[in-house]
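Commentary on secondary and tertiary structure
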Amino acid sequence: MSSFKIRPRFRQHFESSPKEIERLFRDRVENDNDFCTCQATFSGSHIILNIPKEEQHYWSPQLSLSIEEDEGGTLLRGLYGPPPSVWTMFAFAYFALAVAFIVTAIAAYSYYILEMNSKLIWLLPAYALAALILYII
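What comes next is a walk through the structure. (Residues numbered from 1 in each chain as written. Predicted model: local features only at pLDDT ≥ 70, side-chain atom pairs only at ≥ 80, totals over all residues. Heavy atoms only, no water.)

1. Quick word on the sheet that holds strand 2 (residues 39-43)
Spatially, 1-5-4-3-2 is the arrangement adopted by the 5 strands of the open sheet, whose pairing is antiparallel. Looking along the sheet, the strands with just one partner apiece sit at the ends: strand 1 (9-14) and strand 2. Across the sheet, the mean angle from the axis of one strand to that of its neighbour is 20°, orientation sign disregarded. Alignment of strand 3 (residues 46-50) against strand 4 (residues 62-70), held across 5 bridges, turns out to be antiparallel. Of the residues in strand 4, the one forming a bridge with Ile 47 is Leu 65. In the packing of helix 1 (residues 18-31) onto the sheet, the strands contacted are strand 1, strand 2, strand 3, strand 4 and strand 5 (73-81), and the crossing angle to strand 4 comes to about 150°. (Pairing = 2+ DSSP bridges. Helix = DSSP H or I, 4+ residues; strand = E, 2+ residues; numbered from the N terminus. Axes fitted to C-alpha atoms, helices over the stretch in contact; angles between N-to-C directions. Contact = heavy atoms within 4.5 Å.)

Here is the structure:
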């Protein structure tokens, strides 16, 4: 059974130099609309390919390519995933859930130690379920 990949990665080795690979990408993206209808951002040895702005949604994926010099050629590493703003939103949501879980757990334990009735303990599975739903999303 293969594992579920949240951000699929790939790597490809080429005989050409890194400058040659970058030049080929620039030429294809800028001149060949049949090859690529995407928007490209070039930054040193890093290329980010995005869906055109008019077709983009907040959750639209992007392809991040890294061009590295390797023994006898070039190593091209690719990473598919949502833009960094989406990852930041998910990290913030997990952090908020974790803080709420810890505060609720401390309050529920305090009530338990003081032998007072509290229904706070039932929020803990709800937080865990919310984290699971966030992961599935």
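2. Let's talk about the packing of aromatic side chains
Within the structure shown, the criterion is met by 2 aromatic pairs. Ring plane angle 45° and centroid distance 6.0 Å describe the contact between Phe 10 and Tyr 80, whose orientation is recorded as tilted. With Phe 10 in strand 1 and Tyr 80 in strand 5, the pair connects residues that are 70 residues apart, well separated along the chain. Given a relative accessible area of 31%, Phe 10 falls into the partly exposed group. In this structure Tyr 80 comes out as partly exposed when scored by relative accessible area, which is 40%. Positioned over the ring face of Phe 42 is Arg 26, at 4.2 Å from the centre of the ring. (Phe/Tyr/Trp six-rings, centres within 6.5 Å; stacked < 30°, edge-to-face > 60°. Buried < 20%, exposed > 50% of the residue type's maximum accessible area, 1.4 Å probe, protein only. Lys NZ or Arg CZ within 6 Å of the ring centre and 35° of its normal.)

The quantities given are spatial measurements derived from coordinates; they are silent on function.
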